[in-house]
Amino acid sequence: MSKADRKKLLVVIRHTPYGSSLGRASLDVALAMAAFDQAVDVLFMGDGVLQLLAGQDSKAIGVKNIEKLLGSLPLYDIESVYVDAAGAKRYGLDSARTPVPVTLLDAPAINALMADADHLLGF
Amino acid sequence: MIYSLLVLSSPVSGHGARHAATFAHSAIARGHRIHRVFFLDEGAYTGAALSVFPQDESDRLQPWLDLADEHGVELALCISSALKRGMLDDTEADRHEKSGASIHQAFSITGLGQLVDATAHSDRLVTFGG
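Reading guide: rules and limits
Residues numbered from 1 in each chain as written. Chains lettered and ligands numbered in written order. Predicted model: local features only at pLDDT ≥ 70, side-chain atom pairs only at ≥ 80, totals over all residues. Heavy atoms only, no water. Pairing = 2+ DSSP bridges. Helix = DSSP H or I, 4+ residues; strand = E, 2+ residues; numbered from the N terminus. Axes fitted to C-alpha atoms, helices over the stretch in contact; angles between N-to-C directions. Contact = heavy atoms within 4.5 Å. Buried area = accessible area lost by both parts, 1.4 Å probe. Salt bridge = Lys/Arg side-chain N within 4 Å of Asp/Glu carboxyl O. Nonpolar A, V, L, I, M, F, W, Y, C, P; charged D, E, K, R; others polar. Core = buried A, V, L, I, M, F, W, Y, C linked by side-chain atoms within 4.5 Å. Buried < 20%, exposed > 50% of the residue type's maximum accessible area, 1.4 Å probe, protein only. Right-handed = clockwise from strand over helix to strand, strands pointing away. Phe/Tyr/Trp six-rings, centres within 6.5 Å; stacked < 30°, edge-to-face > 60°.

A. Structural view of the sheet that holds strand 1 (residues 2–7) of chain B. Residues and elements named next belong to chain B. With respect to topology, five strands assemble into an open sheet ordered 4-3-2-1-5, the strand pairing being parallel. For this open sheet the edge positions go to strand 4 (107–110) and strand 5 (124–128), each flanked by a neighbour on one side alone. Mean inter-strand twist for the sheet, computed between neighbouring axes without regard to direction, equals 25 degrees. Bridge count between strand 3 (residues 74–78) and strand 4: four bridges; the pairing is parallel.

B. Representation of the interface of chain B and chain A. Facing 20 residues of chain B, the contacting portion of chain A comprises 19 residues. Carbon and sulfur atoms supply 69% of the area that chain B and chain A bury against each other, a total of about 1,500 Å² over both sides. Where chain B packs against chain A, one counts zero salt bridges. Of all the elements in the fold, those that place two or more residues in the side of chain B that touches chain A are helix 5 (113–120) and strand 5 of chain B. Here the element with the most residues in the side of chain B that touches chain A is helix 5 of chain B; it accounts for six residues. Residue classes in the side of chain B that touches chain A are distributed as eight nonpolar, six polar and six charged.

C. Quick look at the nonpolar core. In terms of nonpolar packing, the biggest core is built from 40 residues, with Phe 44, Leu 121 and Phe 123 of chain A together with Leu 6, Leu 40 and Leu 115 of chain B touching the most fellow members. Mapped by element, the contributors of at least two residues to this core are strand 1 (8–13), helix 1 (21–35), strand 2 (39–44), helix 2 (66–71) and strand 3 (81–84) of chain A together with strand 3 and helix 5 of chain B. The contact partners of Leu 121 of chain A, leaving out residues within four places of it in the chain, are Leu 9, Leu 10, Val 11, Val 12, Val 29 and Met 33 of chain A together with Leu 6, Leu 115, Leu 125 and Thr 127 of chain B. If you look at the next biggest cluster of nonpolar residues, it comprises 28 residues, including Ile 28, Phe 39, Ala 44 and Leu 61 of chain B.

D. Spatial organisation of the pairing of strand 2 (residues 33–39) of chain B. All names here are of chain B. The buried count for strand 2 comes to six of seven residues, which makes it a mostly enclosed element. Judged from the six bridges that link them, strand 1 and strand 2 form a sheet pairing that is parallel. Each bridged residue has a counterpart across the sheet, and for Leu 6 the counterpart in strand 2 is Phe 38. For the segment spanning strand 1, helix 1 (residues 16–29) and strand 2, crossover handedness is right-handed. Bridge count between strand 2 and strand 3: four bridges; the pairing is parallel. Considered in strand 3, the bridge of Arg 36 is made with Glu 74.

E. Inspection of the packing of aromatic side chains at higher detail. Residues and elements named next belong to chain B. A full pass over the atoms with the stated rule returns four aromatic pairs over all chains. Judged by centre distance (5.4 Å) and plane angle (80 degrees), the rings of Tyr 3 and Phe 23 are edge-to-face. On the criterion of sequence distance, the pair formed by Tyr 3 in strand 1 and Phe 23 in helix 1 is long-range, its members being 20 residues apart. Geometrically, the ring pair formed by Phe 39 and Trp 64 is edge-to-face, given 5.0 Å between the ring centres and 85 degrees between the ring planes. Taken together, the residues span a long stretch of sequence, with Phe 39 in strand 2 and Trp 64 in helix 2 (residues 62–71) at a distance of 25 residues. Summarising the burial analysis for this pair, Phe 39 and Trp 64 share the class buried. Three or more aromatic residues joined by ring pairs make a cluster, and in this case those are Tyr 3, Phe 23 and Phe 128.

This is the structure we're talking about:
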């Protein structure tokens, strides 16, 4: 894909890590975008911030550990990982203990981030 | 304008998939082009060839077949979503030693790279359901 094709993508994740298969599917999309050399940012909003909790153990439910997958995001060259500050506050997320470094954004900053993207992939 | 669609919702629950098909038909009627429809997660059930719909309910498959037949719209099922839901073409059925294909031939089974490609080659990507 040529440089001219490289668009700014924003993957918005609003689903809990294990409540449905979409939590994992949305992360897979973000990783695939990055693996194919796209400029991709990820934004966790609302219930989606639960994906960032530390100390996840998914063995008993027989699915892959989302926390481990998130830890690999920097290896894939994901540009930035953002978290909706209101969601983080609601769920008591400690942004210093997330599996991947995150930046908290308030509502106006989220608006600006979305406006700046060429494509939004909303999950 | 060139559109691609990302369909996340099941064809038989909620309204996302039905709205996606209606959107695609309307966009084409207004002179736009649909480059590709990518079906992910529960959306992968859309390709089921073996579904039977009650006579007094609308057929969830036919609107997609019309898009493929009449307008050459590409219908792509995400491989990881499809396989775990039993949505197989002949190749995957052989590969995994299953009794037969279960998706309609108008659909193809592809990787997430085809979604990446769709974003690169479309002016708009519209997500339905989830």
